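Observations on the three-dimensional arrangement
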Amino acid sequence: MEATPSTWLRGRGLVVGGLKFGQVIVRFYPSPSQRLYPASCRIRHRNFSLNAKRQPAKKINLERTTNRKFQTSGDNDSDPSKLSKDITIDTNQEAASNEHDLIVIEAGHANGKDYNNSSPPNEVISLHDDTIDSARESSYSDENSSDIDGGEQLSGIHLEDLVGMIRHAEKNIHLLNQARIRALEDLEKILSEKEELQGQIKTLEMKLAETDERLKVVAQEKIHVELLEDQLEKLRNELSSRGSNEENTQDKNSSVSSSQIDLIDSFSQELDLLRAENMSLKDELQVLKAQLGNMRENDQRIQMLEEERLTMESSLKELEFKLAASHEDISKISSLKSECKSLYEKVEDLQMLLDKATKQADHASLVLLENQELQKKVDRLEESLKEADVYRLSTEKMQQYNELMQQKIKLLDERLQRSDEEVHSYVQLYQDSMKEFQDTVDNLKEESKKEEQDTSVNDKPWAFWSNLLLIVDGWVLEKKISVDQAKLLREMIWNRDEAICDAYISSKEKNEREIITTFLKLTSSTIGERLHVIHIAAEMAPVAKVGGLGDVVTGLSKALQKKGHLVEIILPKYDCMRHELVRDLKLLDVPVESYFDGHLFKNKIWVGTVEGLPVYFIEPQHPSRFFSRGQFYGERDDFKRFSFFSRAALELLLQAGKRPDIIHCHDWQTAFVAPLYWDLYVAKGLNSARICFTCHNFEYQGAARASDLESCGLDVYQLNRPDRMQDNSAKDRVNPVKGAIVFSNIVTTVSPSYAQEVRTAQGGQGLHGTLNSHSKKFVGILNGIDTEAWNPATDPLLEVQYNSSDIEGKAENKEALRRQLGISSADLRQPLVACITRLVPQKGVHLIRHAIYRTLELGGQFVLLGSSPVPQIQREFEDIENHFRTHEHARLLLKYDESLAHLIYAASDMFIIPSIFEPCGLTQMIAMRYGAIPIVRKTGGLNDSVFDVDDDTIPVHFRNGFTFLTADEQSFSNALERAFHHYKHDADGWKQLVQKDMRIDFSWDTSSVLYEELYAKSVARARAANRT
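Conventions used here
Residues numbered from 1 in each chain as written. Predicted model: local features only at pLDDT ≥ 70, side-chain atom pairs only at ≥ 80, totals over all residues. Heavy atoms only, no water. Helix = DSSP H or I, 4+ residues; strand = E, 2+ residues; numbered from the N terminus. Polar contact = N/O pair within 3.5 Å; in protein donor to acceptor, adjacent residues only side chain to side chain. Contact = heavy atoms within 4.5 Å. 1 Å grid on protein atoms, 1.4 Å probe; cavity = no way out; pocket = protein on both sides within 12 Å on 5 of 7 lines; lining within 4 Å. Points joined across faces, edges and corners; volume = space filled by probe spheres on them. Phe/Tyr/Trp six-rings, centres within 6.5 Å; stacked < 30°, edge-to-face > 60°. Buried < 20%, exposed > 50% of the residue type's maximum accessible area, 1.4 Å probe, protein only. Lys NZ or Arg CZ within 6 Å of the ring centre and 35° of its normal. Pairing = 2+ DSSP bridges. Axes fitted to C-alpha atoms, helices over the stretch in contact; angles between N-to-C directions. Core = buried A, V, L, I, M, F, W, Y, C linked by side-chain atoms within 4.5 Å. Expected span 1.5 Å × (residues − 1). Parallel < 35°, antiparallel > 145°, perpendicular 65-115°, else oblique. Left-handed = near helix turned anticlockwise from the far one by under 90°. Nonpolar A, V, L, I, M, F, W, Y, C, P; charged D, E, K, R; others polar. Salt bridge = Lys/Arg side-chain N within 4 Å of Asp/Glu carboxyl O.

1. What about the side chain of S915?
Within the fold, S915 resides in the loop between β21 (910-913) and α20 (923-929). Of the polar contacts made by the side chain of S915, one reaches the side chain of E918; its length is 2.8 Å. Leaving out residues up to four positions away in the same chain, S915 has contacts with Q842, K843, G844, R937, T939 and L942.

2. As for empty space enclosed by the protein
Summed over all chains, the structure comprises 8 cavities of 30 Å³ or more. Quantified by volume, the largest cavity comes out at close to 90 Å³. W462, W465, S466, L469, I493, W494, Q561, H565, L566, V567 and P614 are the residues that line the largest cavity. Mapped onto the lining of the largest cavity, the elements with two or more residues apiece are α5 (462-477), α6 (483-494) and β7 (566-572). Here the lining of the largest cavity gets 4 residues from one element, more than from any other, and that element is α5.

3. Notes on the packing of aromatic side chains
Applying the stated rule across the entire model yields 27 aromatic pairs. Seen in terms of ring centroids, F596 and F626 are 6.0 Å apart; in terms of plane orientation they differ by 80°. Their pairing is edge-to-face. One end of the pair, F596, is in strand β9 (residues 592-596); the other, F626, is in the loop between β11 (613-620) and α10 (638-655), with 30 residues separating them in the sequence. You can call F626 buried: its relative accessible area is 2%. A network of ring pairs unites the aromatic residues Y574, F627, F632, Y633, F639, F642, F645, W668 and F672 as a single cluster. Positioned above the aromatic ring of W606 is the side chain of K573, whose terminal nitrogen or guanidinium carbon lies 4.8 Å from the ring centre.

4. Observations regarding the sheet that holds strand β19 (residues 861-865)
What holds strands together in a sheet is hydrogen bonding between their backbones, with the strands either parallel or antiparallel. Strand order across the open sheet formed by 6 strands is β20-β19-β18-β21-β22-β23, with parallel pairing between neighbours. Each of the sheet's edge strands pairs with one partner strand only, and the pair in question is β20 (890-893) and β23 (962-964). Sheet twist, expressed as the average angle between the axes of neighbouring strands with direction ignored, equals 15°. Bridge count between strand β18 (residues 832-836) and β21: 2 bridges; the pairing is parallel. Counterpart to V833 in the pairing with β21 is M910. With respect to the sheet, helix α19 (residues 898-907) is in contact with β18, β19, β20 and β21, its orientation differing from that of β18 by roughly 145°.

5. Points about the side chain of T694
By the secondary structure assignment, T694 is in strand β13 (residues 690-695). Apart from the residues within four sequence positions on either side, T694 is in contact with H664, C665, H666, D667, T748, V750 and Y1011.

6. Focus on the nonpolar core
With 81 residues, the main nonpolar core has M540, I570, L650, I663, F698 and L709 as its most contacted residues. Counting residues in each nonpolar core, the second largest holds 71 residues, with A834, A907, V946 and L993 among its members.

7. Details of α6
With 12 residues, α6 should reach 16 Å at 1.5 Å per residue; the first-to-last C-alpha distance of 16 Å fits that figure. Buried residues of α6: A486, L489, R490, E491, M492, I493 and W494, and no others. The elements touched by buried residues of α6 are α5, α7 (498-506), α8 (512-520), β6 (532-536) and β7. Phi turns positive one or two residues past the end of α6, at R496, with a value near 55°.

8. Some points on the environment of I481
Within the secondary structure, I481 is located in the loop between α5 and α6. On the basis of relative accessibility, which here comes to 7%, the residue I481 falls in the buried class. Residues I481 and I516, spaced 35 residues apart in sequence, show a C-alpha to C-alpha distance of 8.1 Å. In this structure I481 touches V472, W475, V476, A486, L489, I516 and L520, once residues within four positions along its chain are discounted.

9. Here's the deal with the packing of α10 against helix α11 (residues 673-681)
Relative orientation of the contacting elements α10 and α11 amounts to 50°, with a least axis distance of 9 Å. In this view, α10 runs oblique relative to α11, as classed from their interaxial angle. Judged by the sense of rotation from one axis to the other, the crossing of α10 with α11 is right-handed. Contact residues: S646, R647, L650, E651 and L654 in α10; V673, L676, Y677, L680 and Y681 in α11. Split into classes, the residues belonging to the contact of α10 with α11 amount to 7 nonpolar, 1 polar and 2 charged.

10. Details of the environment of T760
By the secondary structure assignment, T760 is in the loop between α14 (752-757) and α15 (768-773). Given the relative accessible area of 33%, T760 is considered partly exposed. For the pair T760 and L771, spaced 11 residues apart in sequence, the C-alpha to C-alpha distance is 9.4 Å. There is a polar contact of 2.5 Å between the side chain of T760 and the backbone oxygen of E757.

11. Some details on the pattern of salt bridges
All chains considered together, the criterion is met by 23 salt bridges. Salt-bridge contacts for E788 lead to K558; the nearest nitrogen and oxygen are separated by 3.7 Å. A residue pair is termed long-range when its members are at least 10 positions apart, and E788 in the loop between β17 (778-780) and α16 (808-821) and K558 in helix α9 (residues 548-562) qualify at 230 residues. For E788, a relative accessible area of 48% gives the class partly exposed. Note that R849 is salt-bridged to E876, the shortest N-O span being 2.4 Å. Here the residue R849 occupies a position in helix α17 (residues 845-857), and E876 occupies one in helix α18 (residues 871-883), the gap between them amounting to 27 residues.

Next comes the structure, spelled out in structure tokens:
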């Protein structure tokens, strides 16, 4: 089968565009390495129309022009006569345009019109043939480096190359013309067949129309015959019914019947003829239908050929684009080849060096083996020599040995006598020293007693007074003193009464009954005006800390205690808490019983002091062992665990006879205290307190099934209502945080900005409606930090202590951290960026991940300390940790280490907190306390504590860090890059910024004043209401 034009041209290494019946333009673009000089050709062809009209062929004129004058021999010139009968080539030696010319083949319309007047060309085809290979072999100077005038002569080498190029171009033109002729011949055949088929279709259509007319006539004749048959049948019936009549009647009838029978026979014959003709017409109709089917198949074939032509055009277009791309690839490949050659040479050199090194190593290993064998032989010889010497000298040594043994025996006897004398002397000295030690201890005891007596009451530590309070509370629970007596003793301790201090010091050596008697003698009826505050919480730093809640409970309590208020804390006794940090921890003799799940359960009550604060630890004696599970949170029954604890805490206050002014509960774990207090315990007599509830993060609300609320004794029917504890997103669930908001007298959160955010639908986590309904009692107070625990001037966990006046210690701590983590210390000024956080979505883990890589790109170092409770996030950062395990500028420590956290704060230059939302945040305050400049997102407490250095709308003395608003990588990168720019280009300004941040007061003094005012106003309103 003859190949189609497109496949034939592909086989010749040519790429041609789609061939159209009206006109075709084919362009050959010169390759990147040489020029193809212009030659134009006109090719005539026949144009076939559907009505089978043929037009006479038009002669094709093929013209060629060149930009250079040259001479070629007759052997090398291509013969124009070999191209085609209808193609002539005329070579002109005159110079043409200096621009790149194109080889163009134009096919005009058969009607003789000029192609310029026809429609524009449909295809432009790039041709790239084997002339590229010949052009690569020749060395050309850059085309654009020199201009050649038309009259200059080319060198012999250039002329030969140009001749070869023109030859190849003529060959390409010849091949293309042959392909065009074949394609036109094929197209002519197809069109002629199509015209013949159309003629046949027309004749068949005419025959079909005639047949339809004849069928109509036959149908009418058939109806007429059927009528005659009916008449004949009637006549036959009449003849058969008449019988035998008169003869004349019979003759008459017989003459009539014979004429009718003849008529019937003629009709029958005509009917048979019509039937036969009808059958022949049916056969002809079937033949016509078959021919019509063949015609339809021919039409389908023509349509398929047309579709194939279109696909050929599209494929040629694709090949044109590929050819253009191949030109670019060839230029790239040439440069890559040169690079590959140089790399191959380097690889060969390295291989030679490796071979030499291998040979040397092999030789060295052989020498080493030989040396080892020689050494073994030498060792064997030495051993044999030693054995020989032993045998030779054995007799002599035996004699000398005996003599030496006798001398040693004498010396041992002498030493034994001396040792006995020394032992006696040492015993005597020990006895004397023991007497002196006992005398010294007695003197120290007397001096300590005198110092205790001489020490001012105001100089006594808070732990002293907290211990006294715990002793008194223990007596009340053990029924050793009455509630009224305990109240009076508490007021004396609260007011730091000198009499009770002296009584306690003087009665230390007495038994408990004598001490109680001494204390009861000191009771008086004085009532103070200071507040009694009891915190009921799930955390307290440092004994039971998970997050910022523990720091707030401890920091706020210590600040209120310093202001003279009586502050106590009630915690669960976790088995995993740090017991060693509780001073004077002891178990009270009398357990406290509390209701749960329809039963009374005992609770062990432990007391002790933490950071100078009195603390009660409740250990439930419940079969579920609520707080003996090795972790603080994360259990499936957390709702039951902490609802049990909340009721047990209130039961402890009731049975201990306490009358607090404020009961302060925190987060959803102790939010049950508010409804329990007002629904159950006010009626039992515990009615002196106002309830303050602080939510540290509204994302955690502890919602559960409404039926679970029955376990702690609350009425589900009364509380599962929209205006009380019913969850705003589900009617069959209760929300402890919502219940605390409704039932508390004071509701606070941990920053003013966060208080505004949670009153919106975006930040309120479903509670914005409830908060807006109770907005009059809702306020945001920015947390503080414990400036005693977080103080770089006294921090024992640092390598070097420092302060805002002398920050040189930061550099030494930075060097210590680098050594400890194994990161580079080559550049002392290289900025160190740190992040200490829980890896949860709230903290912006995607921005933390981005910060690691962006910090390294900017030339800094990065340290991350923290872990994630989310398995997917933990695995992701474990992969990053493994990636940077041996990196010299980055470390990820997926854990929490308190001592390491102190060192990281002190060592870091910048501290990132890219939180999606942050209720308050303490790490930015601690970072500034240690001289690390914060880079934070403007949200919640971060917006209230960090102000951008470059923000001109903020007073200069408030600017202390770098902020960004949008939680995306670009905004964060902008803030980080600004920080790096300040650090690297303004060393003095950076030092002043560090010193300013270290001097900012983030202590609890200011925040505790705000809480103190809230407490006092609420208590005053309650007392005023009671008086009225």
